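A closer look at the structure
So the chains spell out like this:
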Amino acid sequence: AVTSGIIYHQKQVILRQKQKLEAMRSTAEKIYYAMKSLEIQIGQLEDIVLLNADAAQIEDLLEKRRQLGELSTQYDNFVSEIGVYKKAPVEKQVIFKMARVFGECDVNVPEGFVDEVMRYIAMWRSTGRLQTALNRARSYGYVQTIGKALKENNLPKQFLFLALRESEFFPNAVGKITRYGYAKGMWQFIPETAEHYGLKIGPRYQEAVYDPFDERFHVDKATRAAARYLRDINNTEAQASGLLVMASYNWGENNIREIIRTMPENPKDRNFWLLMKKARIPKETYDYVYYIFSAAVICENPRMFGFDFDPLWAER
């Protein structure tokens, strides 16, 4: 009877601990998505302030930044107390960290996401294409060029890997014909989007050739345009979810953006985790997101993931 009483007590203690952890995890999620909502407001307000430079709007922007800092500290404390990172293998920790970098909540990473990322890392490992493309980006200074444009638009430097997936950092890349015309350049802009973001389209836009008069092939100009485009997606339809930004950028001729727009307009109810539950996204887009995400993970610590090159962000 004494033994059974002890066992019962131990089970109750474990149950209470689990309930406490679940409550903390739920609170952490709420704080996280409150942070993301503030980030969107800040991004949208920054655009207005840049146009108007109104003193009251500037003050509002500073106050929102202060609130964001407080929420970030609270969230970090909850994550530490929950022990999300302490309990995970090092590889898993890097994946969690990258999820947060890209605007996804690292305390509610879905079951199976880590395994899927590791599967794409293995696919990168089966070919030398990643290292070859990164060598090209480093050699021609594209890492610095892209990083600067992303920083100016308050975007994570890891969005650089969209250019990897789009063109493997070839500035003169020409894509396949689509109903919107040829996608061209490192960022594979179609004509309409390129013009919307201030790029001049060359006279040979209807031909699958390089055109020196087409600014989509101009690395600096196209990169600045791409960063603004990514920022706009981030602050509107993607609701600060970096993985939704990727999915939207890749939308091509499928209806992924239309699917995203049917989701509630707030970060808690519109993010990549929920998109995966809501819809069976096209394989092209699925691959696109996972290849980019896994490349970003690899470049945090290449040798840990079986690659023989230095971290992309290492001081040189």
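Just so it is clear, the structure is predicted and the values come from calculations on it, not from any experiment.

1. Some thoughts on the overall build of the chain
When you go through the chain residue by residue, the secondary structure sums to 13 helices and two strands. Taken over the C-alpha trace, the chain has a radius of gyration of 22 Å; the compact-globule value for 316 residues is 20 Å, and the two agree within 12%. When its C-alpha atoms are laid out on the principal axes, the chain stretches across 90 × 55 × 40 Å. For the chain, the proportion of its 316 residues judged to be buried stands at 48%. By sequence separation, contacts in the chain at least 24 residues apart represent 63% of the contacts at least 6 residues apart. Counting every atom, the chain has about 16300 Å² of accessible surface; 52% of that belongs to carbon and sulfur.

2. Some words on the pairing of strand 2 (residues 181-184)
As a general feature of sheets, a regular strand has side chains that alternate between the two faces. Inspection of the sheet shows strand 1 (residues 174-178) paired to strand 2 by three bridges, in the antiparallel sense. Pairing of Thr-178 across the sheet is with Gly-181, part of strand 2. Between strand 1 and strand 2, which pair antiparallel one after the other, the connecting turn spans two residues.

3. Notes on the environment of Asn-135
Looking at the secondary structure, you find Asn-135 in helix 5 (residues 129-139). Overall, the relative accessible area of 37% leaves Asn-135 in the partly exposed class. Separated by 177 residues in the primary sequence, Asn-135 and Leu-312 have C-alpha atoms spaced 9.5 Å apart.

4. Notes on the nonpolar core
Among the nonpolar cores identified, the biggest contains 96 residues, and Phe-161, Phe-169, Trp-187, Tyr-249 and Phe-293 are the most heavily contacted of them. The biggest single contributor to this core is helix 13 (residues 283-298), with 11 residues. With near-sequence residues (within four places) excluded, Tyr-249 lies in contact with Leu-162, Glu-166, Trp-187, Phe-189, Ala-226, Tyr-229, Leu-230, Ile-233 and Tyr-288.

5. Thoughts on helix 3 (residues 90-101)
Under the 1.5 Å per step criterion, the end-to-end length of helix 3 is 17 Å for 12 residues, consistent within 8% with the ideal 16 Å. Three or more residues of helix 3 are buried, namely Val-94, Ile-95, Phe-96, Met-98 and Ala-99. Packing partners of the buried residues in helix 3 comprise helix 4 (113-125), helix 12 (272-278) and helix 13. Remark: Gly-103 follows helix 3 within two positions and exhibits a positive phi of approximately 85°.

6. Observations regarding the environment of Val-245
Along the chain, Val-245 turns up in helix 10 (residues 242-249). Overall, the relative accessible area of 0% leaves Val-245 in the buried class. When the C-alpha atoms of Val-245 and Tyr-120 are compared, they prove to be 19 Å apart, with 125 residues separating the residues in sequence. Setting aside anything within four residues of it in sequence, one finds Val-245 in contact with Phe-159, Leu-230, Ile-233, Asn-234 and Ala-238.

7. Considering unusual backbone geometry
In this structure, Phe-169 is a non-glycine residue whose phi angle is positive, near 65°. With respect to the element layout, Phe-169 can be found in the loop between helix 7 (161-167) and strand 1. With a phi close to 65°, Ala-240 is a non-glycine residue in the positive phi region. On the secondary structure map, Ala-240 appears in the loop between helix 9 (219-235) and helix 10.

8. Re the packing of aromatic side chains
A full pass over the atoms with the stated rule returns 22 aromatic pairs. A ring pair is formed by Tyr-120 and Tyr-290, whose centres lie 5.3 Å apart and whose planes are at 20°; its orientation type is stacked. You can see Tyr-120 sitting in helix 4 and its partner Tyr-290 sitting in helix 13, a full 170 residues away along the chain. Of the two residues, Tyr-120 and Tyr-290, both sit in the buried class. Between Phe-272 and Tyr-290, the aromatic rings sit 6.3 Å apart at their centres with planes inclined by 65°, giving edge-to-face as the arrangement. Highlighted residues: Phe-272 in helix 12 and Tyr-290 in helix 13, separated in sequence by 18 residues. Classification of Tyr-290 as buried rests on a relative accessible area of 5%. An aromatic cluster is present here, built from Phe-102, Phe-113, Tyr-120, Trp-124, Phe-159, Phe-272, Trp-273, Tyr-286, Tyr-290, Tyr-291 and Phe-293 joined pairwise through their rings. Between the NZ or CZ atom of Arg-136 and the centre of the ring of Phe-170, over which it lies, the distance is 3.6 Å.

9. Examining the pattern of salt bridges
Summed over the entire model, instances satisfying the criterion amount to 19 salt bridges. Ionic pairing is found between Arg-303 and Asp-308, a salt bridge with its closest N-O pair at 3.5 Å. Of the residues examined, Asp-308 reaches a relative accessible area of 60% and is grouped as exposed. Each of the salt bridges in this network shares a partner with another, and the network as a whole consists of Glu-46, Arg-65 and Arg-231.

Calculation notes
- Residues numbered from 1 in each chain as written.
- Predicted model: local features only at pLDDT ≥ 70, side-chain atom pairs only at ≥ 80, totals over all residues.
- Heavy atoms only, no water.
- Helix = DSSP H or I, 4+ residues; strand = E, 2+ residues; numbered from the N terminus.
- Rg over C-alpha atoms; globule rule 2.2 N^0.38 Å.
- Buried < 20%, exposed > 50% of the residue type's maximum accessible area, 1.4 Å probe, protein only.
- Contact = heavy atoms within 4.5 Å.
- Areas by Shrake-Rupley, 256 points an atom, 1.4 Å probe, with all protein chains shown as cover.
- Pairing = 2+ DSSP bridges.
- Core = buried A, V, L, I, M, F, W, Y, C linked by side-chain atoms within 4.5 Å.
- Expected span 1.5 Å × (residues − 1).
- Phe/Tyr/Trp six-rings, centres within 6.5 Å; stacked < 30°, edge-to-face > 60°.
- Lys NZ or Arg CZ within 6 Å of the ring centre and 35° of its normal.
- Salt bridge = Lys/Arg side-chain N within 4 Å of Asp/Glu carboxyl O.

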